[in-house]
Amino acid sequence: MTDSKASPRDLRIGVYICHCGGNISDVVDCPKVVEAAAGFDDVVVSREHSFMCSDPAQEMIIEDIRKQGLNRVVIASCSPSLHELTFRRTVERGGLNPFLYEHANIREQVSWVHGSRPEEATAKAIRLVRAAVGKVRLLTAEERIGVEVLKRALVVGGGLAGLRAAKSLADQGIEVTLVEASPFLGGHTAQLEHLFPHADQARELMAPLLRGVADSSRIEVLTRAKVVGVEGYFGNFQVELEVQPRHIRGPLPADKLAQITEACPKSAPSEFDYGLRERKAIYMPYPGCVPEVPAVDMQSCSRCGKCEEILGADAVDFDEQARRVKVDAGCVLMATGFKPYEPYKGELGYGELEGVVTLAQFIRILGALPKDAGELEVGGRKIQSVALIHCVGSREIDGVHDPSPHRPLRTYCSRVCCSASLHAASEIRERFPGVNVFELYRDIRSYGFYEEVFERASRNRVVFLKYSDYEIPVVKAGNGEAALSVVVNDQLTGGKAVDVPVDLVVLASAMEPGDAGEIVGLMKLPIGSDGFLLEVHPKLRPVELAVEGVMVAGTAQAPMSTDETSAAACAAAAKAARILTRDEIPLDPFVARVDLSRCQGEGLCVAQCGYDGALQLEEIEQDGEKVKRASVNAVLCKGCGACVAVCPHRAIDIVGCTLDQLYRQVDGLCA
Amino acid sequence: MSAASTPETRILLITTADSSYPGADTVGQMHLGYPTNSSVIRVPDPVMLPERFYLYCFKKGFDGIVVMSSGAECPYEGSYERLAKRLDRLTGVLKEQGIDFRRVKLCAICTVCAASFVREVNQMAQLLDEIGPVDRDAVVLEEEPAARAG
């Protein structure tokens with residue numbers, strides 16, 4: 001620690017340099033930064049710590065604030081997106097206004113990008129700390145803006161995560177609007193059969209949840225709906241939805257449903273069965289689905305009127321139009337799910353060779369077989385041997401997998417496919433003991449308790465063949481012994497080439513980010529490099545997005561199993577409930593502020609403002625005269641700063657990011 | 001890979017809080033390198049910066065400025081258009097003062113535009129390698145009202 005005398009202005013600044021384990025200090029000479037910071041004007045404390053976010057380090061800062069009388073704090077560590085909030089709370093706990101703290105990012109902007117140039121990195125870290133000190137000198141104590149909370153949640157997505165979150169919120173007494181893009185709830189989980197690890201039947205498991213959501217007086221369900229507009233802010237979102245018509249009013253008696261399905265002359269590939277089978281233009285995907293009202297696919301429907309003849313004119317309306325619905329919500333919960341990757345034509349024989357299907361399709365094939373089926377039959381062919389190939393579309397490597405023209409490389413692990421493949425392999429062996437099953441894998445990643453899924457497959461005498469990251473198996477037409485042949489250089493036998501004759505190849509394909517829709521652009525929701533919605537911090541704020549008031553749950557965030565999805569949904573609901581059970585929430589004060597001593601009422605700033613009511617000229621009395629001066633509505637102002645640049649008198653600024661503060665940052669960077 | 005660092009020149013990267021600043025984080029998380037003579041500042045939106053700010057940066061020591069906006073996807077209504085017009089006016093001012101207008105570059109960087117981020121910094125570094133530092137004595141900076149007390 002280094003002390004120096006306080007300046008005449010009584011600024012007492014504490015500077016804290018984090019090593020971040022070795023993430024920073026392996027590159028940046030932290031003691032040198034500490035020493036340099038100690039010499040900056042008004043810095044009275046300069047310290048370093050292995051982990052500044054740790055409890056002992058935070059207590060150190062708190063103690064310094066109290067004992068050293070610090071009135072400004074600078075922390076140089078990782079990105080503020082991770083710990084700005086943490087350190088604001090630290091500063092606040094020390095008795096200082098939380099906005100008298102400034103952050104310098106010396107990990108993402110220094111050590112992680114200049115690792116090969118430690119001296120220059122250290123010099124840059126010193127510049128960034130000096131800039132932060134320059135800015136913190138001009139920071140002022142601020143109060144958060146309190147806004148009333150609309151006590152309703154908008155849940156986007158009606159799959160497992162959305163249902164679980166909606167039910168959890170409703171059970172806590174919170175009103176929910178649940179929006180689902182497709183005509184039916186349940187998402188991809190409803191398309192599964194026996195879930196690993198315990199082989200529970202997916203739709204039976206979901207039935208109480210679906211019924212609970214459908215019967216809840218607190219949950220408004222809108223299917224065939226999507227978000228088309230969002231206004232407002234944290235606690236007060238005004239969301240516009242477009243709801244496509246169902247064309248059928250229900251519910252319908254089972255016999256009527258059977259009659260119209262039989263009578264409908266038009267069909268289309270079944271989404272529920274991943275195109276393996278056809279469904280009618282008027283359809284319900286499975287018995288017991290929710291809503292229990294069929295939907296009409298107007299792209300397939302010929303308007304022949306046969307369903308109308310059976311149901312009566314009151315139950316059918318082909319001319320029903322899309323409608324717009326407005327929902328006011330205090331927070332938004334994104335549960336838009338994933339989509340199963342469909343391999344491109346020719347990828348491991350998919351789409352070219354008969355008998356090559358994805359795991360998602362194979363689960364539907366198994367589901368369609370009678371429970372007492374003695375033989376495994378696919379497309380009328382008796383299957384005697386099956387190869388399941390892992391990592392199709394996952395963990396792709398540049399130079400091994402071709403990113404074009406089909407799609408960008410998907411470098412992430414889809415996490416669920418290993419356990420799902422092993423589970424499917426065991427199911428085949430247990431239901432059809434005469435079928436040989438081969439698992440072609442890169443690494444078995446049946447993590448945690450899913451190890452038992454692997455052990456079960458091993459006990460079931462599934463044959464394992466390991467291929468290397470750089471030698472993808474080849475699937476080709478069989479030579480007569482079987483319909484297909486899979487060639488793999490098996491790493492378990494020293495890279496020996498093994499030609500496996502099989503009747504069926506099942507591709508354990510990746511989980512891709514689902515189509516979250518326009519809301520991503522409308523709300524500027526952060527997307528990670530893998531295409532999934534990006535949480536603020538995987539450990540510290542795992543279900544929150546950087547846009548305040550927006551939570552994420554389930555596979556919209558990353559590949560997850562059903563139990564992980566349920567847990568994530570409950571966590572997101574708990575986070576949302578914490579907001580929605582309050583009468584008022586505090587917003588950051590980073591909006592425009594007018595300095596009335598400088599404002600001349602010319603209104604140049606007002607002309608630049610793009611938000612109605614956020615900034616206007618108001619008549620006030622000043623020095624005994626009535627004058628017009630700019631006035632900011634702090635709730636409506638978005639804090640963009642368009643007004644700042646045009647004021648010739650420097651009478652308007654953004655709190656926490658004023659021009660003067662930016663000039664001092666520049667001074668610090670250039671000194 | 002990053003372009004050669006040019007310690008005698010300095011690059012300012014003006015980033016937006018919602019878009020290109022997280023983009024800089026993504027670059028860091030991917031451990032991509034870029035020249036050490038570049039520094040990031042974070043603003044809500046570069047539209048808040050008057051022409052004078054850019055001149056101030058040149059006067060104080062920066063030689064190239066990359067304005068990393070959110071582009072057409074900017075969350076603020078009409079902001080990108082206003083920014084583009086301001087930088088257009090700035091170009092005129094730079095020409096008047098004999099400052100190479102290529103020293104200010106407007107681009108759009110999103111939260112995951114890591115490759116674009118690095119490319120923009122490297123391109124500016126390469127330009128500065130060619131044209132060298134700013135003649136700071138030639139930068140004319142108009143006086144402003146005094147700074148408010150902190």
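Relevant structure appears above.
Chemist: How should I be thinking about the overall build of chain A in this particular structure?
Modeler: Summing up its helical and strand segments, chain A has 16 helices and 38 strands in all. Across its three principal directions, the C-alpha atoms of chain A cover 90 × 70 × 40 Å. Split into buried and exposed, the 671 residues of chain A put 56% on the buried side. Pairs at least 24 apart in sequence give 69% of the contacts found in chain A among residues at least 6 apart. When the accessible area of chain A is evaluated, it comes to approximately 28200 Å², of which 49% is carbon and sulfur surface. Here chain A contributes 74 positive and 92 negative side-chain charges, whose respective centroids are spaced 1 Å apart.

Chemist: Hey, could you run me through the interface of chain B and chain A in this one?
Modeler: Much of the literature gives interface size as the accessible area that the parts lose upon coming together. At the junction of the two partners, chain B supplies 50 residues and chain A supplies 56 residues. Taken over both partners, the interface formed by chain B and chain A buries close to 4500 Å², and the fraction arising from carbon and sulfur atoms is 55%. Between the two partners, chain B and chain A, sit 2 salt bridges. For the pair chain B and chain A, the interface holds 15 residue pairs in polar contact (both at pLDDT 80 or more). Taken together, the residues that form the side of chain B that touches chain A break down as 26 nonpolar, 12 polar and 12 charged.

Chemist: Help me out: how do you make sense of the state of the cysteines in this one?
Modeler: Working definition: the covalent bond between the sulfur atoms of two cysteines is a disulfide. Scanning the entire structure with this criterion turns up 1 disulfide over all chains. With a sulfur-sulfur separation of 2.4 Å, Cys 110 of chain B is cross-linked through a disulfide to Cys 113 of chain B. Here the disulfide of Cys 110 of chain B and Cys 113 of chain B is right-handed, its torsion about the S-S bond being about 105 degrees. Cys 417 of chain A carries a free sulfur, and the closest cysteine sulfur to it, the one in Cys 418 of chain A, is 6.1 Å from it. Cys 417 of chain A gets classed as buried once you look at its relative accessible area, which sits at 12%. Of all cysteine sulfurs in the structure, the one in Cys 640 of chain A sits closest to Cys 657 of chain A, which takes part in no disulfide; the separation is 12 Å.

Chemist: In this structure, what is going on with the packing of helix H16 (residues 659-670) of chain A against helix H2 (residues 51-60) of chain B? I would like to understand it.
Modeler: In a packed pair of helices, the relevant descriptors are the angle between the two axes and the axis-to-axis distance. The contact between H16 of chain A and H2 of chain B brings their axes to 10 Å, and the two run at 20 degrees. By the angle class used here, H16 of chain A and H2 of chain B are roughly parallel. Where H16 of chain A crosses over H2 of chain B, the two elements pack in a sense that is right-handed. Contacts from Leu 662, Tyr 663, Arg 664, Val 666, Asp 667 and Cys 670 of chain A in H16 of chain A reach Arg 52, Phe 53, Tyr 56, Cys 57 and Lys 60 of chain B in H2 of chain B. Looking at side-chain class alone, the contact of H16 of chain A with H2 of chain B contains 7 nonpolar, no polar and 4 charged residues.

Chemist: Help me understand the packing of aromatic side chains, please; the structure alone is not making it clear to me.
Modeler: Any aromatic ring pair is given by two values, namely how distant the centres are and how the planes are angled relative to each other. Taken as a whole and judged by the stated rule, the model has 13 aromatic pairs over all chains. Ring geometry for Tyr 447 of chain A versus Tyr 450 of chain A: centroids 5.3 Å apart, planes at 65 degrees, classification edge-to-face. Arranged with centres 4.4 Å apart and planes meeting at 55 degrees, the rings of Tyr 663 of chain A and Tyr 56 of chain B form a pair that is tilted. Placement of the pair is Tyr 663 of chain A in helix H16 and Tyr 56 of chain B in helix H2, with the two residues belonging to separate chains. A single burial state applies to Tyr 663 of chain A and to Tyr 56 of chain B, both of which are buried. Three or more aromatic residues link up through ring pairs in this structure, and these residues are Tyr 663 of chain A together with Phe 53, Tyr 54 and Tyr 56 of chain B. Residue placement shows Arg 246 of chain A over the ring face of Phe 184 of chain A; its charged tip is 4.8 Å from the ring centre.

Chemist: Looking at this structure, how should I read the sheet that holds strand E28 (residues 496-502) of chain A?
Modeler: Backbone hydrogen bonds are what pair the strands of a sheet, in a parallel or an antiparallel way. All names here are of chain A. With respect to topology, 3 strands assemble into an open sheet ordered E26-E27-E28, the strand pairing being antiparallel. Each end of this open sheet is capped by a strand with a single partner; those strands are strand E26 (474-477) and E28. When strand polarity is set aside, the average angle formed by the axes of neighbouring strands in this sheet is 25 degrees. Relative to strand E27 (residues 484-490), E26 is paired through 4 bridges, and the arrangement is antiparallel. Pairing of Lys 476 across the sheet is with Ser 485, part of E27.

Chemist: What should I look at first to understand unusual backbone geometry in this one?
Modeler: Note on backbone geometry: most residues besides glycine have negative phi, and most peptide bonds are trans. All names here are of chain A. Along the chain, Phe 196 connects to Pro 197 via a cis peptide bond; the corresponding omega equals 5 degrees. With respect to the secondary-structure elements, Pro 197 resides in the loop between strand E8 (194-195) and strand E9 (200-201). Positive phi values are uncommon outside glycine, yet Asp 42 reaches one of about 70 degrees. With respect to the helices, strands and loops of the structure, Asp 42 is situated in the loop between helix H1 (30-38) and strand E2 (43-49). One non-glycine residue, Arg 395, adopts positive backbone phi at about 50 degrees. Accessibility expressed as a relative area gives 10% for Arg 395, which makes it buried.

Chemist: Just checking my understanding: could you explain the pairing of E28 of chain A for this structure?
Modeler: Along any regular strand, the residues point their side chains to alternate faces of the sheet. Residues and elements named next belong to chain A. Two elements, E27 and E28, share 7 bridges in a ladder whose sense is antiparallel. Across the sheet, the residue bridging to Val 486 is Val 500, located in E28. In this structure, the hairpin formed by E27 and E28 is closed by a connection of 5 residues, where Gly 494 is found at a positive phi of approximately 70 degrees.

Chemist: Would you take a moment to explain the pattern of salt bridges for this structure?
Modeler: Pairing between side chains becomes possible if they bear opposite charge and their charged atoms approach one another. Residues and elements named next belong to chain A. Applying the stated criterion across every chain, the model contains 46 salt bridges over all chains. Salt-bridge contacts for Arg 203 lead to Glu 193; the nearest nitrogen and oxygen are separated by 2.8 Å. Here Arg 203, found in helix H7 (residues 202-215), pairs with Glu 193, found in the loop between strand E7 (175-179) and E8; they are 10 residues apart in sequence, far enough to count as distant. Exposure class is identical for Arg 203 and Glu 193. Each is buried. The salt bridge involving Arg 324 is made with Glu 242; its shortest N-O contact spans 3.2 Å. Of the two residues, Arg 324 sits in strand E17 (residues 323-329) while Glu 242 sits in strand E12 (residues 236-243), which places them 82 residues apart along the sequence. For Glu 242, a relative accessible area of 17% translates into the label buried.

Chemist: Got a minute to help me understand the packing of helix H6 (residues 160-171) of chain A against helix H14 (residues 562-580) of chain A in this structure?
Modeler: Residues and elements named next belong to chain A. Running from amino to carboxyl end, H6 crosses H14 at an angle of 40 degrees, the nearest separation of the two axes being 8 Å. Classified by the angle between their axes, H6 and H14 sit oblique to one another. Read as a crossing pair, H6 and H14 show a hand that is right-handed. Contacts between H6 and H14 involve Leu 160, Ala 161, Arg 164, Ala 165, Ser 168 and Leu 169 on the former and, on the latter, Thr 562, Thr 565, Ser 566, Ala 569, Cys 570, Ala 573, Ala 576 and Ala 577. Looking at the contact of H6 with H14 residue by residue, the class counts come to 9 nonpolar, 4 polar and 1 charged.

Definitions and cut-offs
- Residues numbered from 1 in each chain as written.
- Chains lettered and ligands numbered in written order.
- Predicted model: local features only at pLDDT ≥ 70, side-chain atom pairs only at ≥ 80, totals over all residues.
- Heavy atoms only, no water.
- Helix = DSSP H or I, 4+ residues; strand = E, 2+ residues; numbered from the N terminus.
- Buried < 20%, exposed > 50% of the residue type's maximum accessible area, 1.4 Å probe, protein only.
- Contact = heavy atoms within 4.5 Å.
- Areas by Shrake-Rupley, 256 points an atom, 1.4 Å probe, with all protein chains shown as cover.
- Lys, Arg positive; Asp, Glu negative; His and termini not counted.
- Charge placed at Lys NZ, Arg CZ, Asp CG, Glu CD.
- Buried area = accessible area lost by both parts, 1.4 Å probe.
- Salt bridge = Lys/Arg side-chain N within 4 Å of Asp/Glu carboxyl O.
- Polar contact = N/O pair within 3.5 Å; in protein donor to acceptor, adjacent residues only side chain to side chain.
- Nonpolar A, V, L, I, M, F, W, Y, C, P; charged D, E, K, R; others polar.
- Disulfide = S-S within 2.5 Å.
- Axes fitted to C-alpha atoms, helices over the stretch in contact; angles between N-to-C directions.
- Parallel < 35°, antiparallel > 145°, perpendicular 65-115°, else oblique.
- Left-handed = near helix turned anticlockwise from the far one by under 90°.
- Phe/Tyr/Trp six-rings, centres within 6.5 Å; stacked < 30°, edge-to-face > 60°.
- Lys NZ or Arg CZ within 6 Å of the ring centre and 35° of its normal.
- Pairing = 2+ DSSP bridges.

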